[in-house]
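For reference, the chains in residue letters:
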Amino acid sequence: MDENCIFCKIVAGEIPSYTVYEDDVVKAFLDISQGTPGHTLVIPKKHVPDLFAYDEDLASAVFSRIPKIARAVKASNPNIKAMNVMNNNGKLAYQSVFHSHFHLVPRYTDDNFKIIFQDNSKKYNHESYTRIQQSIIDHME
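First things first, this report covers the structure right here in the doc. (Residues numbered from 1 in each chain as written. Predicted model: local features only at pLDDT ≥ 70, side-chain atom pairs only at ≥ 80, totals over all residues. Heavy atoms only, no water.)

What about the pairing of strand β3 (residues 40–44)?
So, step 1. Within β3, five of the five residues are buried, which leaves the element mostly enclosed by the surrounding structure.
So, step 2. Neither face of β3 is open: one carries Thr40, Val42 and Pro44, the other Leu41 and Ile43, and all of them are buried.
So, step 3. Across five bridges, strand β2 (residues 26–30) lies against β3 in antiparallel orientation. Bridging across to β3, Leu30 finds its partner in Thr40.
So, step 4. As paired strands, β3 and strand β5 (residues 102–107) are joined by three bridges and run antiparallel to one another. Residue pairing across strands places Leu41 opposite His103, the latter belonging to β5. (Buried < 20%, exposed > 50% of the residue type's maximum accessible area, 1.4 Å probe, protein only. Helix = DSSP H or I, 4+ residues; strand = E, 2+ residues; numbered from the N terminus. Pairing = 2+ DSSP bridges.)

Structural data, given as structure tokens:
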């Protein structure tokens, strides 16, 4: 537990939350900002700053619970048509609380929430793709 972490304080019960699921590994609660109705955060109870700090056991335990929680969020409102599951790692990736967390963002329509992935494929060729590919393979644990 990190005594300065807002999510650790939520896990400890020092800060109230709208908890929707909790067990010995994870806690899931409504995001106070509610990007869309039902926007839920899933966090490991163990303090880890980001996805890069997970070991295989923690990853398996946390990730295995996400579909169950996502299904419950979706079932909670018949108007939910889809869901974005997002994880931001590091300040540059818009992580604002440095306790790993996953956003389950219900989607009702296509006009209330946007994520833009642009096509940069024209900036790459076979050599640049294979260079990136090999660098990732070389660093695989």
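Continuing now.
Brief notes about the pattern of salt bridges
So, step 1. Applying the stated criterion across every chain, the model contains four salt bridges.
So, step 2. Two residues, Lys27 and Glu22, come together in a salt bridge whose shortest N-O distance is 3.2 Å.
So, step 3. Among the salt bridges present, the one from Asp24 reaches Arg65, with a minimum N-O distance of 4.0 Å. One end of the pair, Asp24, is in the loop between β1 (19–22) and β2; the other, Arg65, is in the loop between α2 (56–63) and α3 (66–75), and 41 residues separate them in sequence.
So, step 4. Residues joined in a network through salt bridges with shared partners are Glu22, Lys27 and Lys45. (Salt bridge = Lys/Arg side-chain N within 4 Å of Asp/Glu carboxyl O.)

Points about the side chain of His103
So, step 1. You can see His103 is positioned in strand β5.
So, step 2. The exposure class assigned to His103 is buried, which follows from its relative accessible area of 11%.
So, step 3. For His103, the side chain forms a polar contact with the side chain of His39, separated by 2.8 Å.
So, step 4. The residues touching His103, leaving out its near neighbours within four places in the chain, are Asp31, His39, Thr40, Leu41, Asn84, Val85, Met86 and Asn88. (Polar contact = N/O pair within 3.5 Å; in protein donor to acceptor, adjacent residues only side chain to side chain. Contact = heavy atoms within 4.5 Å.)

A closer look at the sheet that holds β5
So, step 1. Reading across the sheet, the five strands line up as β1-β2-β3-β5-β4 and stay open at both edges, with antiparallel pairing between neighbours. Both outer strands of the open sheet, β1 and β4 (82–86), are each paired with one neighbouring strand and no more. When strand polarity is set aside, the average angle formed by the axes of neighbouring strands in this sheet is 15°. (Axes fitted to C-alpha atoms, helices over the stretch in contact; angles between N-to-C directions.)

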